[in-house]
Every structure is written in C-alpha cells, then in structure tokens.
Amino acid sequence: VSPDQPLGDVAVEVFRAEAHRFVDWIARYLAEAERLPVLSRVRPGQVAATLPKAPPASAEPLSTILADVERVVLPGLTHWNHPGFFAYFANSSPAPAILAEMLAAAFNANAMLWKTAPAATELELVVLDWLRQLLGLPEGLFGVIHDTASTATLVALAAAREAVPGLDVRRRGLVGQARLRMYASDHAHSSVEKAGIVLGIGQEGLRKIPVDDAFRMDAAALGRAIAKDRAAGFTPFAVTATVGTTSTTSHDPVPAIAEVCAREGLWLHVDTAYAGAAAAVPELRSVLEGCERADSLVVNPHKWLFVPLDLSVLYTRRPEVVRGAFSLVPDYLRTPEDALAPNLMDYGVALGRRFRALKLWMVLRAFGTEGIAARLREHVRLARLFRSWVEADAAFEVVAPTPLSVVCFRARFPGQPAEEADRRNEALMDAVNESGEAYLSHTRLAGRTVLRLAIGNIRTEERHVRRAWELLREAARRLG
Ligand SMILES: Cc1ncc(COP(=O)(O)O)c(C=O)c1O
C-alpha cells in the first residue's frame, strides 16, 4: 500500500489530478465523437477477448485504466452521442447532465427514504412539478422517477390491477381469481406485454387492438373488445394508449380512449415515453390532448428531453393507489418523518433509488424552457426537411405520417418482388450504417421492411441529416 493508494481510496490529490485528466478526455471525446464510427465495428466477443480473464491482484493507476478505455472500450461502443445517430429514438448526453452525474456519483445519495436523502427527495418532487408545468399537464399530478419506461409502465399497470374492486391481488395473489384483461394497440411497445407477463395477466391477457391507416388505435374496436371480454366472463381493468409509438410515432386518440375508459371504469395509462417531450414546445402541446384524463402517464426525459439514460417519469392522479400497491415497510425502514414527508421507495419496486433528479434539474436550468423548446423545434424542422427530400425523390417513398422527429420511409426498387425489395432495403440500411457516418434502424409496417430516421440528438445539425440522405441515395443507386 503506497501513500498514493491508501486502503480507503486513492489520495485526494490523485483524484483531483485524474478528474481533470478524465474531464479533458470527455471534452475531447464529445468534440470528436462525430469522427468516430457511430455504429461500432467490433464483432461479438471481440471486446471480451481483449480483456484479462481475472481481476488484477495489485492496484493499477487510473491513467492506465483510462488508456484501456480508449483502446478497448471506445471502439466497442456504438456512439449514442454521435450527431449521426438516427436509430431507435436518438437521445443525448449534454454537458450539464454529465456534470450532474458526476455530482450524483460523488454524493452517492440513496433516495429510498426522505431521511436518507432529503434534498434528493424534495428536488425530485419539485423538478417533476417543473416538468409537469413544462408539458402543460394538470396540477396535482404526482410524479416519481424510475429507471426506464418499462419499469414505469409495470408500476402503473400494477396500480391498475390493485384498483380492481374486490380483487385484493396484493394480499391474495391472482391465482384462482378473476381473469383480467388489459388493452393496447398492436403498435404499443413490448413493455406493456412484458408488464402483463410479470403481473400475472399473461400475454393472452393483453388484447391488442387494431390500428387505423395512420397506425392509431381504433377506439371503437377497443369498445367492442371490452364488451366481448365482459360477455365471456373476463374482467377488463386497464388500457394503455400510446402517444408516439415506437415504430412510427403515431398518436392513439387519447380523448376517445379516455371516454371508453371512463364509461367502462378502466385505468387509463398513457405511454408518451418519446413524444411527451414535444409538449414542451407551445405549438406542439396538443400532442398530449386528453392526457389530463389519464390515471397515469409515462414520459422519458432520457429519450427526447436531453437527459442521458436513465430517467423515466411516471405521473399519476392516483398516487394513493400506486402507494397501496407497493408500500411495504419493515421496522428497519421506519422513520419519525414518515407522516411528514414522502418516502419514494413506496411508489415502486426498487428500494434503493439513485439521485437522478439532479440531472433533470441541471438540464432544465442550464437550457431554460425556451432553450429546450428551441432544440425540439429544430429537430421537428429537420425531420420535415428530410421528409421533403424523400417525397421529392421517385426512388424513395414515405410510408407513415411524420408528426414529430421520426421519418419512416423506404427505397422503392420498382419491378422487384416484395421480399426482394425488403432485402434490398435492409442492405441499404446496412450500407449506410457501415459508413460510420450515420446509423438508422428499421421496423416492419404492414409486413414490409421500413427504415426509420429518428432525430433527437442535441448535436445533430442539418448537415448531418443531409449527409445521411446522401449516403442513402448513393447506396440506393448502387443497389439498383
Ligand atoms: C413508446 C415506448 N414506450 C416504452 C419504451 C421503453 O423505454 P425504456 O427503454 O425506457 O424502458 C420505448 C422504447 O423505445 C418506447 O418507444
């Protein structure tokens, strides 16, 4: 044990010097991310094969470890911070959030109880009320931060199950009780079905409602499915509407779905994981029309609100039901403040909770609501511009509406059978992705392969979108 490496930790002076070195490295990485291949070129197993099989017996200097980050980790990353990242839902890690994560790691606060992290708990409540205002959601909603939308939706649907009269699932379990049914469109995210698996509803307990030609849930078909299920002895209990579906960002008709839920006495959960952010732009606020009637709503600042993974928010009008579903307090977690302040562990599965509110707070403050709206507005403008290029080129076609910042399109390959056209579209996508300059992902619509260009990275500029379009056109020409 050297004086620089005492048993507890590295010396403070070492930390200070290394922190400067690491921050310099991060600043260079962010500035130069654009020159790295956005999609990693490593093959499966390649990174693991480069790493030692066992941990080092003696301490290694942080400078050596950072050198290995550069040598081994960096080439093995697909760079979500690259401005040419257009796959899935692009997101980003802006400077204020990186600094917030540094502080959160330093504090290592566990916001399970108010007492174990008073500032983290209260900042979470306040910053989620700021976000509620930013999105134009009604007063009185209670928000809690979760790791992901998948978890938030699981929590919401568990609360919905708890709210079924006479069931008392929490105490008695589901076995031998009512056969529950819940509903979502067949374009809803797989996290809804997964919640069904976890909650004992089963995959068959989720009824997938058909969509119209703009990929929006058919509210009349929802009403019919509920009636049919009731007649067959099932107990309908919840509907998940999606505003911003994963494939096309279509918006289910929430006002009509809310009507059905009110009439039928069902819990309405709205998944706005991606699109909810758009409500921060005054002229786009109508995306959340009808959501004031939802029992719960999830929005992911880690998708399109410039907060890095992981930060998902579950808002609810009925926090007492969520709490009733999840609160379980052993003696060792009781505190004198229990009656005076919320303990956020009571609103979900996890006991330990990271201090995630800090990064949302810092991003909202460092950009301001106008700065957030300006960035979102620019992404929407870029998506419309890209769409106009696709529409103007006879070799391509747009295949879904573009309500926000994602464009669904494909190359036509006239005269080719559908399967061959699909194969060539996949080859087209692979060719663009192999360029290292842009990264797109795909989906399937009406049984056909479709490419998606999703804009959402804070560093994406018009020139990056233009370059992706050039690459697509070149590759389409090569593929005939
Ligand atoms: C509409 C929608 N809901 C939920 C999710 C799941 O998000 P998370 O990764 O936060 O669980 C996604 C992911 O893309 C999504 O598109």
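Data block above holds the structure.
Conventions we followed
- Residues numbered from 1 in each chain as written.
- Predicted model: local features only at pLDDT ≥ 70, side-chain atom pairs only at ≥ 80, totals over all residues.
- Heavy atoms only, no water.
- Helix = DSSP H or I, 4+ residues; strand = E, 2+ residues; numbered from the N terminus.
- Buried < 20%, exposed > 50% of the residue type's maximum accessible area, 1.4 Å probe, protein only.
- Contact = heavy atoms within 4.5 Å.
- Areas by Shrake-Rupley, 256 points an atom, 1.4 Å probe, with all protein chains shown as cover.
- Lys, Arg positive; Asp, Glu negative; His and termini not counted.
- Charge placed at Lys NZ, Arg CZ, Asp CG, Glu CD.
- Pairing = 2+ DSSP bridges.
- Near = heavy atom within 4 Å.
- Polar contact = N/O pair within 3.5 Å; in protein donor to acceptor, adjacent residues only side chain to side chain.
- Phe/Tyr/Trp six-rings, centres within 6.5 Å; stacked < 30°, edge-to-face > 60°.
- Lys NZ or Arg CZ within 6 Å of the ring centre and 35° of its normal.

Caption draft 1: Highlighting the overall build of the protein. The secondary structure content of the protein amounts to 15 helices and 11 strands. Its C-alpha atoms put the protein at 75 × 70 × 45 Å along the principal axes. Counting across all 480 residues of the protein, residues that qualify as buried make up 51%. Long-range contacts, defined here as pairs at least 24 residues apart, represent 72% of the contacts in the protein between residues at least 6 apart. Put simply, the protein shows about 22100 Å² of open surface, and 55% of that area lies on carbon and sulfur atoms. Measuring between centres, the 55 positive side-chain charges of the protein sit 3 Å from its 55 negative side-chain charges.

Caption draft 2: Up close: the pairing of strand E1 (residues 142-146). Of all 5 residues in E1, 5 are buried; the element is thus mostly enclosed. Going residue by residue along E1, you find Phe-142, Val-144 and His-146 tucked away on one face and Gly-143 and Ile-145 tucked away on the opposite face as well. Summarising the sheet, E1 and strand E7 (residues 312-316) pair through 5 bridges and their orientation is antiparallel. In the strand pairing of E7, Phe-142 is matched with Thr-316.

Caption draft 3: Layout of the site of the ligand. Every one of the 13 residues lining the ligand counts as a neighbour, but Ala-149, Ser-150, Thr-246, Asp-271 and Asn-300 are closest to it. Residue Ser-150 places a side-chain N or O atom 2.6 Å away from an oxygen atom belonging to the ligand. In the complex, 85% of the free accessible area of the ligand, which totals 390 Å², lies under the protein chains. Looking at the shell around the ligand, the elements that each hand over two or more residues are helix H6 (149-162) and helix H11 (301-304).

Caption draft 4: View of the side chain of Thr-335. Topologically, Thr-335 is positioned in the loop between helix H12 (319-326) and helix H13 (357-392). Residue Thr-335 is classed as buried on the basis of its relative accessible area of 13%. A polar contact of 2.6 Å, which involves the side chain of Thr-335, links it to the side chain of Asp-338. Leave out the neighbours within four places in its chain, and Thr-335 touches Leu-113 and Lys-115.

Caption draft 5: The arrangement of the packing of aromatic side chains in detail. Taken as a whole and assessed by the stated rule, the structure comprises 14 aromatic pairs. Taking 6.4 Å as the distance between ring centres and 20 degrees as the angle between the ring planes, the aromatic pair formed by Trp-80 and Tyr-88 counts as stacked. Overall, Trp-80 belongs to the partly exposed group, its relative accessible area being 38%. Through successive ring pairs, a cluster of aromatic residues spans Phe-386, Trp-389, Phe-396, Phe-409 and Trp-469. Over the ring of Phe-413 we find Arg-424; its NZ or CZ atom is 5.8 Å from the centre of that ring.

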